[in-house]
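Residue-level structure breakdown
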Amino acid sequence: MKNLLSISIISLSVLLSCKNSQATNTTNTETKAVSKNLTDKQLMDKVQRDALKYFWDFAEPNSLLGRERYHEDNIYPDNDKHVITTGGSGFGLMTILVGVDRKYIPRQEAVKRLTHIADFLEKADRFHGAWSHWINGETGKVVPFGKKDNGGDLVETAFLVQGIICVREYFKDGNAEEKALAAKMDKLWKGVEWNWYTKGGQKVLYWHWSPSYGWEMNFPLEGYNECLITYVLAASSPDYSIDSETYNKGWTRNGTYTTDRTKYGLPLYVKHNYAEEFGGPLFWSQYSYLGLDPRGLSDKYVKSYWDLNRNHVLIDYKYCLENPFNYKGYSEKYWGLTASYSRNKDGSVGYAAHQPMKEDFGVITPTAALSSMPYTPKESMAVLRFLYEEKPNFIGQAGPYDATSINFNDWTTPRYLAIDQGTIAPMIENYRSGLLWNLFMNAPEIRTGLKKIGFKSTEHQIQ
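Model, not experiment: these values are computed from the prediction.

1. A few points about the UniProt feature "domain: Glycoamylase-like" (unreviewed entry) in the protein
The sites that UniProt annotates as "domain: Glycoamylase-like" (unreviewed entry) are residues 218-443. Along residues 218-443 one finds 33% helix and 12% strand; the C-alpha atoms at either end are 32 Å apart.

Written out as structure tokens, the structure is:
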């Protein structure tokens, strides 16, 4: 499942899907550029509404959860249209909350849908409480992500639970139907046996466990990458919690994952796994932080998680402006490298964990900049405006397509991935109102868990 960084959670899935598929130079004649008179607020509304469609209009019809992928061309080389993704669906739950709060969708309809989702997740295959990476949306049965990856996926589960907790918090004081929904979500997240995934009490969490292959995948969660939220949730669990030593010895590698390195004069603070010069793909600054609020957040290793993430994004931005490979199009309004669909050398659709130098192939992934809106509002807004005003061929039914390239004659592919599209509306909303950050950080178990492993937050008065 792992790409060259050994931590990308979606690379194999996309490679499997795309191996027989050709790239598309698409000109979407039905999509027109938006008016250049739109305000920033109107543009944010537009892209949030569009991203919501992925999880509202194009959800898998039985489970109503997020498909692993949605292809406008309806070409699915591996016949996996029914496969849902656990982590991307967690982002989808938060996207739906944005839709409710912004009144893009009716609150009552959202409650009914979320209740249906909760009932599906309760009956779906679980492995010591954790869900698998892929689930058959028609049956609830595990769909193997790889030969030995046919059991619990703790990281995907963490991304899902991040959304589950936000749903619980949003509806817990509502009417009777909403309180019932909150209770269902509460039961779901509390059933995850986080401490089981220490492989018999080792002071580190493990990504996978399989009923067929046990711990053979043998992938410990060690920082720094996108997995911090897994430790936060594991420490916060009322019944299956890890201790602070597991966080300190496991995630921080006994405190050795910090660094004094800088790039473009910006401190990195931590050693990004296999990407210590520039930092990893930008999803590392997003996936764990849809709910976990980096504003004012610190521990004894990192004095400011806000600065860590903002610097990570700015380094990516400055790298794209430097543009060492001289790709056409890279600019202040067209930047952002992260994992997504990509363009192979033969022109077919592939996958890459796009990042500075190592995997910079002239492909810009819109979610990279758009989901960085809290950190770099001016720079991210420039990309949002450019895409909608000047590149209508890069926009589809659910917003900007997953991968684009001006360098290759305005190449794109009319396809989306849940794990990418699902971060756009929540992170833009965190910039606009702090909605998901406030929901997640105000959950009492999260506050307890953060204190337990040594976190402080000036924004949420966690000392």
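Having put the structure on the table, let's press on.
2. Focus: the pattern of salt bridges
Here the structure, examined in full by the defined rule, presents 29 salt bridges. Residue lysine 53 pairs with aspartate 50 through a salt bridge whose shortest N-O separation is 3.7 Å. Note that lysine 53 and aspartate 50 are positioned in helix H2 (residues 40-56) at a spacing of 3 residues, about one turn of the helix. Residue classification places aspartate 50 among the buried residues on the basis of a relative accessible area of 3%. The shortest N-O distance in the salt bridge between aspartate 186 and arginine 168 comes to 2.8 Å. Of the two residues, aspartate 186 is situated in helix H6 (residues 176-190) and arginine 168 in helix H5 (residues 154-171); the sequence distance between them amounts to 18 residues. Side by side, aspartate 186 and arginine 168 carry an identical accessibility label, which is buried. Sharing partners across several salt bridges, the network here consists of Arg168, Glu169, Lys172, Asp186, Lys190 and Glu445.

3. Here we look at the nonpolar core
Counting residues in hydrophobic clusters, the biggest one holds 132 residues, and the most contacted among them are Trp131, Leu233, Tyr247, Leu292 and Tyr305. Excluding residues that lie within four positions of it along the chain, tyrosine 247 makes contacts with Leu228, Tyr231, Thr252, Tyr257, Asp299, Tyr301, Tyr305, Ile453 and Phe455. Ranked by size, the runner-up nonpolar core spans 9 residues in total, among them Tyr54, Phe55, Ala398 and Tyr401.

4. Thoughts on the packing of aromatic side chains
For the structure on display, the rule yields 33 aromatic pairs. Each ring, one from tryptophan 251 and one from tyrosine 257, has its centre 6.3 Å from the other, and the planes form 70°; the classification is edge-to-face. Here the aromatic cluster, defined as three or more aromatic residues joined through ring pairs, consists of Tyr224, Tyr231, Tyr247, Trp251, Tyr257, Tyr301, Tyr305 and Phe455. Over the ring of tryptophan 131 we find arginine 126, and its NZ or CZ is 3.9 Å from the ring centre.

Rules of the game
- Residues numbered from 1 in each chain as written.
- Predicted model: local features only at pLDDT ≥ 70, side-chain atom pairs only at ≥ 80, totals over all residues.
- Heavy atoms only, no water.
- UniProt positions renumbered as here; feature names shortened; annotations may be inferred.
- Helix = DSSP H or I, 4+ residues; strand = E, 2+ residues; numbered from the N terminus.
- Salt bridge = Lys/Arg side-chain N within 4 Å of Asp/Glu carboxyl O.
- Buried < 20%, exposed > 50% of the residue type's maximum accessible area, 1.4 Å probe, protein only.
- Core = buried A, V, L, I, M, F, W, Y, C linked by side-chain atoms within 4.5 Å.
- Contact = heavy atoms within 4.5 Å.
- Phe/Tyr/Trp six-rings, centres within 6.5 Å; stacked < 30°, edge-to-face > 60°.
- Lys NZ or Arg CZ within 6 Å of the ring centre and 35° of its normal.

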